[in-house]
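Each chain, letter by letter, is given below.
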Amino acid sequence: MIPCPKLPLRWLAVCAALSLCRLTPGQELMELRLNDGRVLVGVVRSQGPDYVVETREALVNVARRDVQSVRDRSALQAALKAKTKKSGDSAFARFQLAKIARQYGLEPEMWRLLDSAIAALPPPDRETGDSLRRRLRDFLAELAPELLPVTARRAPTAKRVQALLRLCHATTKPGKRAAIEELLVREPNADQVLREHARRHGSFRQRITAVAALQRRETAGNTRFVLRTTVLDRSEKVRAAAAEIGRVGVTAEDVAYMASGLGHTSAKVRVRTASALGALGHRAAIDFLVQAGPHAAAGLRRAPNDAGASRGHIAFLNQQAYVRDFNVEVAAAAFIADPQIDVLQSGTVLDVTVVGVTEVRKIVYAYRSALKALAGRDPGPDPRAWATWRERLPPKTKPARTRAR
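Remember, it's a predicted structure, so these values are computed and weren't measured experimentally. (Residues numbered from 1 in each chain as written. Predicted model: local features only at pLDDT ≥ 70, side-chain atom pairs only at ≥ 80, totals over all residues. Heavy atoms only, no water.)

Visitor: Residues and numbers for the overall build of the protein chain, please.
Guide: For the protein chain, the count of helices and strands is 18 helices and seven strands. Counting all 405 residues of the protein chain, 36% fall into the buried class. Entry remark: accessible area of the protein chain is about 24,900 Å², with carbon and sulfur atoms responsible for 53%. (Helix = DSSP H or I, 4+ residues; strand = E, 2+ residues; numbered from the N terminus. Buried < 20%, exposed > 50% of the residue type's maximum accessible area, 1.4 Å probe, protein only. Areas by Shrake-Rupley, 256 points an atom, 1.4 Å probe, with all protein chains shown as cover.)

Right, here's the structure in full:
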């Protein structure tokens with residue numbers, strides 16, 4: 001019998017733990033702490049005298065003698081659970097736990113913690129809220145390995161943008177959706193690709209994500225593109241989302257740019273423009289809506305070739321018989337006058353094509369709803385009286401703000 005060499009108890013525990021790590025990739029997650037202080041998280045498998053750790057980025061060979069301690073998935077989950085019990089329910093605490101979960105390689109737990117952190121974020125007007133948002137966004141920008149495979153991360157810009165947008169679907173949670181948006185915001189030279197997706201893609205969720213990324217990218221013309229989306233997009237959900245996205249930072253110049261749609265020849269564009277102005281929430285739109293109200297029916301375009309338009313006519317006629325001429329006939333040395341009778345018609349004929357009484361009512365209702373949303377008061381059903389209503393409207397006062405302590 002060959003005597004077994006005596007090994008330290010800690011080394012025996014490490015060997016026993018590593019003996020359980022003969023796994024194929026994807027079976028189980030392990031954390032290896034090395035003697036030099038490094039921590040490797042990934043799938044561990046045996047390869048001769050060494051162990052191969054499959055991390056997010058690459059395969060790392062580790063010698064057995066360099067391993068100090070090992071924790072499997074259950075041990076990592078237990079450690080994270082213990083930290084969760086000691087932390088609070090604030091957004092900052094959840095954010096810190098999400099970072100720890102990522103260090104442990106616990107991606108499902110990380111996404112759940114990010115969801116709760118985003119839900120608990122304070123209002124953006126607070127200094128602490130802005131600071132936390134910046135730190136959270138920097139962290140989200142590091143999550144490309146969790147979202148995209150290596151081939152997609154190394155692909156051209158158009159392919160990366162497309163791969164990220166494909167992750168936006170009905171089951172995408174807030175944390176993952178925020179990470180996708182942040183990566184799109186920081187993607188270099190992606191404005192044109194995002195605009196094409198925002199206009200042409202079939203999924204309204206992907207179009208909303210592209211619009212949100214464009215709004216935050218510092219490129220000239222993106223803000224106006226988002227504003228046009230509030231009118232031009234075929235989906236009401238996208239138009240409403242674009243208005244909510246563009247609401248932050250909208251100026252009086254933007255309102256004037258949008259107000260040109262109130263005089264468009266299409267009734268649909270007028271209605272959508274009024275709805276967008278009401279959703280954007282800038283009070284500069286009140287004057288434009290009041291001025292456009294009495295002219296809601298002016299300049300509307302008819303359908304091509306009167307297709308689909310209602311047409312009719314009415315006639316008010318008077319008929320009177322009269323002798324137009326005589327035909328003279330000679331018979332038996334006598335002249336006989338044969339009168340030619342005709343009918344004289346006089347009166348009025350009206351032929352009309354109805355552009356759309358219902359459309360005009362929809363336009364007026366849209367203007368009225370937008371004014372009510374902007375001013376908090378109903379201007380009434382008669383657009384001709386809106387100017388008087390506007391004069392009596394009190395100016396909006398800014399709420400008092402106290403210094404943050």
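Visitor: Could you give me a rundown of the sheet that holds strand 5 (residues 67-72), with the residues and numbers involved?
Guide: Across the sheet, five strands lie side by side as 4-3-2-1-5; this open sheet has antiparallel pairing. The sheet is open, and its two edges are formed by strand 4 (59-63) and strand 5, each paired on a single side. On average, each strand axis in the sheet is tilted by 45 degrees relative to the strand beside it, whichever way the strands run. Two elements, strand 1 (residues 30-34) and strand 5, share five bridges in a ladder whose sense is antiparallel. Its bridge partner being in strand 5, Arg33 is matched across the sheet by Ser69. (Pairing = 2+ DSSP bridges. Axes fitted to C-alpha atoms, helices over the stretch in contact; angles between N-to-C directions.)

Visitor: I'd like to hear about unusual backbone geometry, residue by residue, with values.
Guide: Non-glycine residue Asn189 carries a positive phi angle of around 55 degrees. The topology assignment puts Asn189 in the loop between helix 9 (174-185) and helix 10 (191-200).

Visitor: Could you give me a rundown of the nonpolar core, with the residues and numbers involved?
Guide: Counting residues in each nonpolar core, the largest one holds 50 residues, and the members touching the most others are Met110, Leu114, Leu143, Leu147, Leu184 and Leu194. Membership of the second largest hydrophobic core comes to 32 residues, among which are Ala243, Leu262, Val269 and Leu374. (Core = buried A, V, L, I, M, F, W, Y, C linked by side-chain atoms within 4.5 Å.)

Visitor: Kindly report on helix 9, identifying the contributing residues and their values.
Guide: Given a rise of 1.5 Å per residue, 12 residues ought to cover 16 Å, and the 16 Å separating the end C-alpha atoms of helix 9 matches this to within 8%. Among all positions of helix 9, only Gly175, Ala178, Ala179, Ile180, Glu182, Leu183, Leu184 and Val185 are buried. (Expected span 1.5 Å × (residues − 1).)

Visitor: Please give an account of the environment of Gly42 that cites residues and values.
Guide: Mapped onto the secondary structure, Gly42 falls in strand 2 (residues 39-47). Residue classification places Gly42 among the buried positions, given a relative accessible area of 4%. With 11 residues separating them in the primary sequence, Gly42 and Glu31 have C-alpha atoms 6.6 Å apart. When residues no more than four places from it in sequence are discounted, the contact partners of Gly42 are Glu28, Leu29, Met30, Val53 and Glu54. (Contact = heavy atoms within 4.5 Å.)

Visitor: Account for the environment of Ala315, with residues named and values stated.
Guide: In this fold, Ala315 is placed in strand 6 (residues 310-331). Spatially, the C-alpha atoms of Ala315 and Gly347 are 7.4 Å apart, while their sequence positions differ by 32 residues. Excluding anything up to four places from it in sequence, Ala315 contacts Thr348 and Val349.

Visitor: Which residues make up the pairing of strand 3 (residues 50-54), and what are the values?
Guide: Bridge count between strand 2 and strand 3: five bridges; the pairing is antiparallel. By the bridge assignment, Gln47 is partnered in strand 3 with Asp50. If you look at the hairpin formed by strand 2 and strand 3, you'll find two residues sitting between the two strands, and Gly48 has a positive phi there, around 65 degrees. By the bridge criterion, five bridges tie strand 3 to strand 4 in an arrangement that is antiparallel. Bridge pairing in strand 4 places Glu54 opposite Leu59. Hairpin remark: strand 3 followed by strand 4, antiparallel, with four residues in the connecting loop.

Visitor: Quick one: what's the story with the pattern of salt bridges, residue by residue and with numbers?
Guide: Taken as a whole and assessed by the stated rule, the structure comprises 18 salt bridges. A salt bridge links Glu146 to Arg102; the shortest N-O distance between them is 2.9 Å. Highlighted residues: Glu146 in helix 6 (residues 144-147) and Arg102 in helix 3 (residues 91-104), separated in sequence by 44 residues. Looking at Glu146, the relative accessible area reads 11%, which means it is buried. For Arg102, a relative accessible area of 17% corresponds to the buried category. Ionic pairing is found between Glu182 and Arg186, a salt bridge with its closest N-O pair at 2.8 Å. Judged by relative accessible area, Arg186 falls into the partly exposed class, the value being 43%. Connected through shared salt-bridge partners, Asp138, Glu181, Glu182, Arg186 and Arg216 make up one network. (Salt bridge = Lys/Arg side-chain N within 4 Å of Asp/Glu carboxyl O.)

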